[in-house]
Structure formats: C-alpha cells, structure tokens
Amino acid sequence: MRIFYPSVLSAAVAAALLCSCCKEDPLRELPLGMIGIEEPVVIGPFKTPFPAKIDTGADVASIDAENIRLVTRDGKKIVMFTIRQRGTGEEHQYELPLKRKIAIVRHGRKPQSRYVVMMTVRIGGMTLTREFSLANRKNFEYQVLIGRNIIAGSAAVDPSKRNLTGAL
C-alpha cells in the first residue's frame, strides 16, 4: 500500500524549482570571471602584451628585470631597473619608489631577497596598480608571474585553460 503525501511532495518540488532558478553564478561576482593558467597582460608602457603565468601559490606578482639598483634620492629609496620584452626586444627603463623588500623562499635553496615596487598591469578588462617583485626570470618560461595580490577576489583559475581574457 502506497501512502501519498501531497504537501511533502509539493514542498520538495517547489524547493527544487526555486533553487534551480535562483542559483547565482559564482563567477558573476568576479570582475575577470574565469581565467586560465596563462593570460596576456599589459605592463605600461609596453605596446605588446606579455604572456603571464597565473600562480595561485605566489603571494606577490613578479616580473623579469635587469640592472636592478637601489639608490637614495632626497632621502627616498628608489629602485632603478630595465625590462626588456623577449618577444619584441622592446625595452623600458624604470625608476620607482621602493615599496618594501621581501624574502622569497624557494624549495631546496636559500631565501632570495627581492625589491618590490608598485606597477600598473592590465589583465582582461581590469587595470590595476599592484606590487611586483623584481627578479631575474631569464631561466623561466614566463617573464611575468601573476600572484594572488592581483587575482584574489577578481578571478577563478581553470588550470586546464589558457588565454581566456584574450589572445596574445
């Protein structure tokens, strides 16, 4: 013998319908939405985007810099450095205030001290001024590494995808 409880069944169906039509897309709240493991980024004043690795394990973004020097000018610490884009050979000199120094811990090696400066980066439709550590990244595939300080609260990362914000 089957017992039918219409009020319980109706409530269950109503709840299922209500939940399915009102579910919010969690990506809608993120300005960049879904991004891949590699995305093009523009670092001013370069004209051509850099392919950047998205690294959710890195606290701070990093960029390949050469001739890094710290000088004191009018009592303020200034970092002078050069960025040369590998693909185009385009090169720019920078003189930016030192934001701070950080120690980068690398597996099996001594910590490395790096200068950190504020730089402007465009990724997708967002332009942000964020901290970048300056490093010799010549032995790395990517000149730019985008860390959590840039993507936190702005994007979700799908490591199986590339260039979701735009083609290089």
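In the block above lies the structure referred to throughout.
Residues numbered from 1 in each chain as written. Predicted model: local features only at pLDDT ≥ 70, side-chain atom pairs only at ≥ 80, totals over all residues. Heavy atoms only, no water.

As for the overall build of the protein
Step number 1: Of the regular secondary structure elements, the protein holds 2 helices and 11 strands.
Step number 2: Listed by position from the N terminus, the elements making up the protein come as α-β-β-β-β-β-β-β-β-β-β-α-β.
Step number 3: With 168 residues in all, the protein has 35% of them scored as buried.
Step number 4: Here the contacts in the protein between residues at least 6 apart in sequence split such that 58% fall between residues at least 24 apart.
Step number 5: About 10600 Å² of surface is accessible on the protein, with carbon and sulfur atoms providing 55% of the total. (Helix = DSSP H or I, 4+ residues; strand = E, 2+ residues; numbered from the N terminus. Buried < 20%, exposed > 50% of the residue type's maximum accessible area, 1.4 Å probe, protein only. Contact = heavy atoms within 4.5 Å. Areas by Shrake-Rupley, 256 points an atom, 1.4 Å probe, with all protein chains shown as cover.)

Quick word on the nonpolar core
Step number 1: If you look at the biggest cluster of nonpolar residues, it comprises 29 residues, and the most contacted ones within it are Ile43, Phe81, Met119, Phe132, Ile146 and Ile150.
Step number 2: Among all residues touching isoleucine 43, those that are not within four sequence positions of it are Phe50, Ile63, Tyr94, Met119, Thr120, Val121 and Phe132. (Core = buried A, V, L, I, M, F, W, Y, C linked by side-chain atoms within 4.5 Å.)

A word on the pairing of strand β1 (residues 33–43)
In summary, the side chains of a regular strand alternate between the two faces of the sheet.
Step number 1: With 9 of 11 residues buried, β1 is to be regarded as a mostly interior element.
Step number 2: Summarising the sheet, β1 and strand β11 (residues 155–162) pair through 5 bridges and their orientation is parallel. Across the sheet, residue glycine 33 finds its bridge partner in β11, namely alanine 155.
Step number 3: Following β1, the chain reverses through 6 residues before pairing antiparallel with strand β2 (residues 50–54). (Pairing = 2+ DSSP bridges.)

Thoughts on the sheet that holds strand β6 (residues 91–97)
Step number 1: Read from one edge to the other, the open sheet built from 3 strands follows the order β4-β5-β6, with strand pairing classed as antiparallel. In this open sheet, the two edge strands, each paired with only one partner strand, are β4 (66–73) and β6. Taken over all neighbouring pairs, the strand axes of this sheet differ in orientation by 20 degrees on average, direction set aside.
Step number 2: When strand β5 (residues 76–84) meets β6, the two strands line up antiparallel, connected through 7 bridges. Among the inter-strand pairings, methionine 80 is bridged to a residue of β6, identified as glutamate 95. (Axes fitted to C-alpha atoms, helices over the stretch in contact; angles between N-to-C directions.)

A short note on unusual backbone geometry
Step number 1: Following glycine 44, the chain continues to proline 45 via a peptide bond in cis, the omega torsion being 0 degrees.
Step number 2: Take proline 45: it is sitting in the loop between β1 and β2.
Step number 3: Look at asparagine 67: it is not a glycine, yet its phi comes out positive at around 50 degrees.
Step number 4: Mapped onto the elements, asparagine 67 comes out in strand β4.
Step number 5: Residue classification places asparagine 67 among the exposed positions, given a relative accessible area of 52%.
Step number 6: Of note in the backbone geometry, aspartate 74 takes a positive phi value of approximately 55 degrees without being a glycine.
Step number 7: By the secondary structure assignment, aspartate 74 is in the loop between β4 and β5.
Step number 8: On the basis of relative accessible area, aspartate 74 is assigned to the exposed category, the value being 78%.

Points about the side chain of glutamate 66
Step number 1: When you line up the elements, glutamate 66 lands in strand β4.
Step number 2: Engagement of the side chain of glutamate 66 in a polar contact is seen with the side chain of arginine 84, the distance being 3.0 Å.
Step number 3: In this structure the side chain of glutamate 66 is engaged in a polar contact, spanning 2.6 Å, whose partner is the side chain of lysine 138. (Polar contact = N/O pair within 3.5 Å; in protein donor to acceptor, adjacent residues only side chain to side chain.)

Concerning the side chain of glutamine 85
Step number 1: Here glutamine 85 shows up in the loop between β5 and β6.
Step number 2: One polar contact links the side chain of glutamine 85 to the main-chain carbonyl oxygen of proline 49, over a distance of 3.3 Å.
Step number 3: Leaving out residues up to four positions away in the same chain, glutamine 85 has contacts with Phe46, Thr48, Pro49, Phe50, Glu90 and Gln143.

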